[in-house]
Structures are given as structure tokens and as C-alpha cells.
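# A look at the structure
Here's the letter readout for the chains.
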Amino acid sequence: MAKVSKKNIYPVKQIPSLRDFFPGTDTENFDATVSFEIGSIVNLIGSLSGTSVINYIFSDGSDEEITIDTPGYFFSESELSFPDVTNLVVNKSNYSGLDLSELFDFIADRAESFSMKLRNVSDPNNFAYFNIIEVTAYEGVFVFNVSIYQDFSSGQLENNATYILDFSDSIQTGMPT
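Residues numbered from 1 in each chain as written. Predicted model: local features only at pLDDT ≥ 70, side-chain atom pairs only at ≥ 80, totals over all residues. Heavy atoms only, no water.

## Overview of the sheet that holds strand β9 (residues 162-169)
In any sheet, the strands associate via hydrogen bonds between backbone groups, in a parallel or an antiparallel arrangement. With mixed pairing, the seven strands of this closed barrel are ordered in space as β3-β4-β5-β8-β7-β6-β9. Within the sheet, the average angular offset between the axes of one strand and its neighbour, ignoring direction, is 40 degrees. When strand β3 (residues 55-58) meets strand β4 (residues 73-76), the two strands line up parallel, connected through two bridges. Among the inter-strand pairings, Ile57 is bridged to a residue of β4, identified as Tyr73. (Pairing = 2+ DSSP bridges. Helix = DSSP H or I, 4+ residues; strand = E, 2+ residues; numbered from the N terminus. Axes fitted to C-alpha atoms, helices over the stretch in contact; angles between N-to-C directions.)

## A few points about the environment of Thr67
When you line up the elements, Thr67 lands in the loop between β3 and β4. The exposure class of Thr67 is partly exposed, given its relative accessible area of 34%. Spatially, the C-alpha atom of Thr67 lies 9.3 Å from that of Asn91, the residues being 24 residues apart in sequence. (Buried < 20%, exposed > 50% of the residue type's maximum accessible area, 1.4 Å probe, protein only.)

## Overview of the pattern of salt bridges
Scanning the entire structure with this criterion turns up one salt bridge. Taking the shortest distance from any N to any O, the salt bridge between Lys92 and Asp99 comes out at 3.7 Å. Relative accessible area serves as the criterion here: at 31%, Lys92 is assigned to the partly exposed category. Asp99 gets classed as partly exposed once you look at its relative accessible area, which sits at 40%. (Salt bridge = Lys/Arg side-chain N within 4 Å of Asp/Glu carboxyl O.)

## As for the confidence of the model for the protein chain
Summarising the model, the protein chain shows a mean pLDDT of 85, and 85% of its residues fall at 70 or more. When mean pLDDT is taken per element in the protein chain, strand β5 (residues 87-91) scores highest with 97 and helix α3 (residues 170-173) scores lowest with 54. (pLDDT = per-residue confidence, 0-100.)

## Concerning unusual backbone geometry
Backbone geometry places Phe30, a non-glycine residue, at a positive phi of 55 degrees. Following the sequence through the fold, Phe30 ends up in the loop between β1 (21-26) and β2 (32-37). Notably, Gln150 is not glycine yet its phi reads approximately 45 degrees, a positive angle. Checked against the element boundaries, Gln150 lands in strand β8 (residues 141-154).

## Structural notes on helix α2 (residues 101-109)
Considered for burial, the residues of α2 that qualify are Ser101, Phe104 and Ile107. Taken end-on, α2 shows its buried residues confined to a sector of 130 degrees, consistent with a single buried face. In α2, the exposed positions that point more than 90 degrees away from the buried face belong to Glu102 and Asp109. In this structure, the buried side of α2 is in contact with β3, β5, β6 (114-120), β7 (127-138), β8 and β9. (Arc of directions from axis to C-beta. Contact = heavy atoms within 4.5 Å.)

## Points about the nonpolar core
If you look at the biggest cluster of nonpolar residues, it comprises 28 residues, and the most contacted ones within it are Leu88, Leu118, Phe130, Ile132, Phe144 and Phe167. Mapped onto this core, the elements with two or more residues apiece are β3, β5, α2, β6, β7, β8 and β9. When sequence neighbours within four positions are dropped, the list of residues in contact with Phe167 reads Ile54, Leu103, Phe104, Ile107, Phe114, Ser115, Met116, Ile132 and Phe144. Ranked by size, the runner-up nonpolar core spans eight residues in total, among them Ile66, Tyr73, Val89 and Val143. (Core = buried A, V, L, I, M, F, W, Y, C linked by side-chain atoms within 4.5 Å.)

Quick look at the structure:
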């Protein structure tokens, strides 16, 4: 097996995805060599530091294997361009599998008091701030009816990109956050 530092054998990926893997050792299983998903490491670090983030992957619906029932994914019922987005369909479980139904129900009960920021983790120029108009719960998913906050957006939703969903109390904190 070649050394991992051999870039001609193992090319360097400039912007890794949360779904990418790297090798490691499982000390709880006789030091077996395993693959670690970058997303699981990010979640571990976040939970240890008390700064957990809500990660989701955007799907434009072109991959038939990814549906609204797939944990960790969200979809747009409208357009991809941020100013034209009106409905976001979000699975109840984030990318790490955490069921966020309680949080989403809480926001649903106070929708007009909350705002949402979407930020592409791989591209700081790809973001949007939304006013939340209404949140509707369905079996396994939540539909966020949103409107863009003023002109606070850049770019559009990118298929298979990982986004951080950040919710803020817009009455207390003001926009943007």
C-alpha cells in the first residue's frame, strides 16, 4: 500500500465533503482499521465543544435514491435561486441522524418570530437569510414556508452541497445574524 502522502497516487481534494472518509483506528475494536466519515468527526467535535450544528445536504431531486424520507436531506419545492425559494422540505433528522422534530415543532409554534440562515459549508459565498412564514409538519418531514430577508443572499442552492441551517429568534436578535 502506498503512503497517503503520495499525491500522484492519492490526489488531494481541496474541499472535502461531510460524506468523505479517511482511514483510522478503532481502539474499541482491537485497533481494527476503519473508515471515519468526516461528518461524524465534525459532529463529535461539535458535541464535545457544545457547539453542535444542524447539517443537511441539499437535493434537487435528480437522484431517485434520495427522497424526502432520506435522513439528512432537504429539498426546495420552488426554485434554486435563493430569492425565488418559497418552500423548503426538510427531513426531521439531520445528517448525523438526530431527530429534530421537537426543535422544528417549537419553531412551527412561533414561526414568525424566527429566521433561518442557510450556509454552504464548502462555499462562504453561497448563503441566504430567510424569514420563516410558516412551518408545517408531515410524516417524517417539515415544510418551511420562507421568504428571502431583504437581499441577504448570494448564489443558489447547489445539488449535493452540505448546508448549515441556523435558526435565530429574529425578534430578539434582529436580522441578519
